[in-house]
Amino acid sequence: SSAGSEFDVFEDRHKQLQGVAVLGGEMLCEVALWTSWLHVGDFEAVGELGLFTINISSFSDLVASFPSVQKNFRLHAQRVIRYLRAADDTSDLLTTDEIMTDPCRASVSEQKQT
C-alpha cells in the first residue's frame, strides 16, 4: 500500500540521520539571542513538543529599557562570542549552561582590565 511505502521512506531517512536527542527542558538556538546565527541542519520532532519563540527586535528593545540588564546581557553576549570563536565545533544545542561551565572561559570584565 502507498501508506506503507511512505512509512518505509520515513524510516529509512530516520536511520540515515546522525541526530542528537533533545530532551524535555532542553533548548535549541539560544545562541541566536546573543549573536548573528545561521542554523545548519534540520530539526524533526518525533513526538509532541512546546515551541517558544522570541522576536529579537522586541527582545532588544526590552533589554535596552533596563540599563543594568543591558550591561549584563552585553557581557554575556561577549562571552558567547568568545566561546564560539574558540570552539572547534558549534551547534544549535549550545546553551548558556555549557558556556558558563566551560573551564577555559575567562571573565569579560577581567579581559577588559588587562
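It should be noted that the structure appears before, not after, this text.
Here's what I pulled together on the structure shown here. (Residues numbered from 1 in each chain as written. Predicted model: local features only at pLDDT ≥ 70, side-chain atom pairs only at ≥ 80, totals over all residues. Heavy atoms only, no water.)

## Details of unusual backbone geometry
What you tend to see is this: most non-glycine residues have negative phi, and most peptide bonds are trans.
Then comes step 1: Even without being a glycine, C29 presents a positive backbone phi close to 70 degrees.
Then comes step 2: The topology assignment puts C29 in the loop between α1 (2-16) and α2 (56-64).
Then comes step 3: Residue classification places C29 among the partly exposed residues on the basis of a relative accessible area of 24%. (Helix = DSSP H or I, 4+ residues; strand = E, 2+ residues; numbered from the N terminus. Buried < 20%, exposed > 50% of the residue type's maximum accessible area, 1.4 Å probe, protein only.)

## Remarks on the packing of α2 against helix α3 (residues 67-86)
Then comes step 1: Following both chains from N to C, one finds α2 and α3 inclined at 120 degrees, their axes separated by 7 Å at the closest point. Accordingly, the angle class assigned to the pair α2 and α3 is oblique. Of the residues in α3, those in contact with F59, V63 and A64 of α2 are V69, Q70 and F73.
Then comes step 2: Broken down by class, the residue content of the contact of α2 with α3 amounts to 5 nonpolar, 1 polar and no charged. (Axes fitted to C-alpha atoms, helices over the stretch in contact; angles between N-to-C directions. Parallel < 35°, antiparallel > 145°, perpendicular 65-115°, else oblique. Contact = heavy atoms within 4.5 Å. Nonpolar A, V, L, I, M, F, W, Y, C, P; charged D, E, K, R; others polar.)

## Topic: the packing of aromatic side chains
Then comes step 1: Considering all chains together, one arrives at 3 aromatic pairs under this definition.
Then comes step 2: Taken together, a centroid distance of 6.3 Å and an interplanar angle of 75 degrees make the contact between W34 and F59 edge-to-face. Pair noted here: W34 is in the loop between α1 and α2 and F59 is in helix α2, with a separation of 25 residues, a long-range link.
Then comes step 3: For W34, a relative accessible area of 14% puts it in the buried group.
Then comes step 4: F59 sits in the buried class, given a relative accessible area of 17%.
Then comes step 5: Plain terms: the ring middles of F59 and F73 are 5.9 Å apart, the flat faces sit at 25 degrees to each other, and that makes the pair stacked. Here F73 lies in helix α3 and F59 lies in helix α2, a separation of 14 residues in the sequence.
Then comes step 6: Residue F73 is classed as partly exposed on the basis of its relative accessible area of 30%.
Then comes step 7: Taken together through their ring pairs, the aromatic side chains of W34, F59 and F73 make up a single cluster. (Phe/Tyr/Trp six-rings, centres within 6.5 Å; stacked < 30°, edge-to-face > 60°.)

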